[in-house]
Amino acid sequence: MALNVIIIDDEPLALKLLSKYVDNHEELTLMASFSNPIDGLEYLGNHTTDLLLLDIQMPELNGLHLARLVKGKCKIIFTTAYGEHALAGFELDAIDYLLKPITYERFQRAVTKAIISSGPRDKALQKRDTPNHLLVKSGNRIVRLELDKLLYGSSSGDYLTLYLADGSKLLTLENLTDMVGRLQADQFCRIHRSHFVALQKVDFVERRRVVIGKHWLPVSDGYREAFFAAFN
């Protein structure tokens, strides 16, 4: 069952891009989009929706204020160019906080959180949402990768190295972005342009580093808010 989506963003290009993202996602249905937050609030008062994609810096009505007015009525993903509002956004129980420019990969990860938090769906869909393995090409082989054994992945040059719990490594030419896109957003998270981690394998976070066993990985500013939201 698809989630019904409303978009409120005063930037025409952002509104167009997000509408395209929603239309391209098979589990989302775009109900309406608004460049004027007052119009969007009025619509929400008369219609039921599952997910609101909401900008923060808008004239007439700030997105954080609007979110307080509709809190509890729908799930919210903030979309903004200003990272300083992240804490306030999460205090309003937002599903995620997307910093512009928003890539489709990052959009998908946020939407996956919203879908998962919406409760159980049919068994076939649940099974698809929670695969226990991936098939990965490594050299001339197709390797079955058990996801519960995957600690993290790091890219260097044209190669992506996957580090496993038994101490072994799997080398692949697959792009890191593509790999992360194949993984579940509630289980794996990108923390740097060159690294992603299995959230359940993280032992602790110290300053701007993630620690998994004896491995220390940097968390870059561009992925920091999303990582802490997922880790928490």
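For the structure, check the block above.
Conventions adopted
- Residues numbered from 1 in each chain as written.
- Predicted model: local features only at pLDDT ≥ 70, side-chain atom pairs only at ≥ 80, totals over all residues.
- Heavy atoms only, no water.
- Helix = DSSP H or I, 4+ residues; strand = E, 2+ residues; numbered from the N terminus.
- Buried < 20%, exposed > 50% of the residue type's maximum accessible area, 1.4 Å probe, protein only.
- Contact = heavy atoms within 4.5 Å.
- Pairing = 2+ DSSP bridges.
- Axes fitted to C-alpha atoms, helices over the stretch in contact; angles between N-to-C directions.
- Salt bridge = Lys/Arg side-chain N within 4 Å of Asp/Glu carboxyl O.

## Some words on the overall build of the protein
1) Next: A tally of helices and strands in the protein yields eight helices and 15 strands.
2) Next: Here the protein holds 232 residues, and the buried ones make up 47% of them.
3) Next: Within the protein, counting contacts between residues at least 6 apart in sequence, those at least 24 apart form 49% of the total.

## Brief notes about the sheet that holds strand E12 (residues 195–198)
1) Next: Spatial ordering of the open sheet is given by E10-E9-E8-E12-E11, a layout of five strands whose pairing is antiparallel. Sheet topology places strand E10 (169–172) and strand E11 (188–192) at the edges, where each strand pairs with a single neighbour. Across the sheet, the mean angle from the axis of one strand to that of its neighbour is 20°, orientation sign disregarded.
2) Next: Sheet topology places strand E8 (residues 150–156) next to E12; three bridges connect them, and they run antiparallel. Bridged to Tyr152 within E12 is Val197.

## Section: the side chain of Ser19
1) Next: On the secondary structure map, Ser19 appears in helix H1 (residues 12–24).
2) Next: With near-sequence residues (within four places) excluded, Ser19 lies in contact with Ile7, Leu30 and Ser33.

## A closer look at the sheet that holds strand E15 (residues 215–218)
Think of a sheet as strands paired side by side through backbone hydrogen bonds, with each pair either parallel or antiparallel.
1) Next: If you walk across this open sheet you meet the three strands as E13-E14-E15, and the pairing is antiparallel. Of all the strands in the sheet, just strand E13 (204–206) and E15 have a single pairing partner and so form its edges. Pairwise comparison of adjacent strand axes, ignoring direction, gives a mean angle of 30° for this sheet.
2) Next: Judged from the three bridges that link them, E13 and strand E14 (residues 209–212) form a sheet pairing that is antiparallel. Directly across from Glu206, in E14, lies its bridge partner Arg209.

## Brief notes about the pattern of salt bridges
1) Next: Inspection of the entire model under this criterion finds nine salt bridges.
2) Next: Here Lys100 ties to Asp9 by a salt bridge, and the two come within 2.8 Å at their closest N and O atoms. Here Lys100, found in the loop between strand E5 (96–99) and helix H5 (104–117), pairs with Asp9, found in the loop between strand E1 (3–8) and H1; they are 91 residues apart in sequence, far enough to count as distant. Of the two residues, Lys100 and Asp9, neither departs from the other in class, the shared state being buried.
3) Next: A salt bridge links Lys100 to Asp55, with the shortest nitrogen-to-oxygen separation between them at 3.6 Å. A residue pair is termed long-range when its members are at least 10 positions apart, and Lys100 in the loop between E5 and H5 and Asp55 in strand E3 (residues 51–55) qualify at 45 residues. Here Lys100 matches Asp55 in class, with each residue buried.

None of the figures reported here should be taken as evidence of function without further support.
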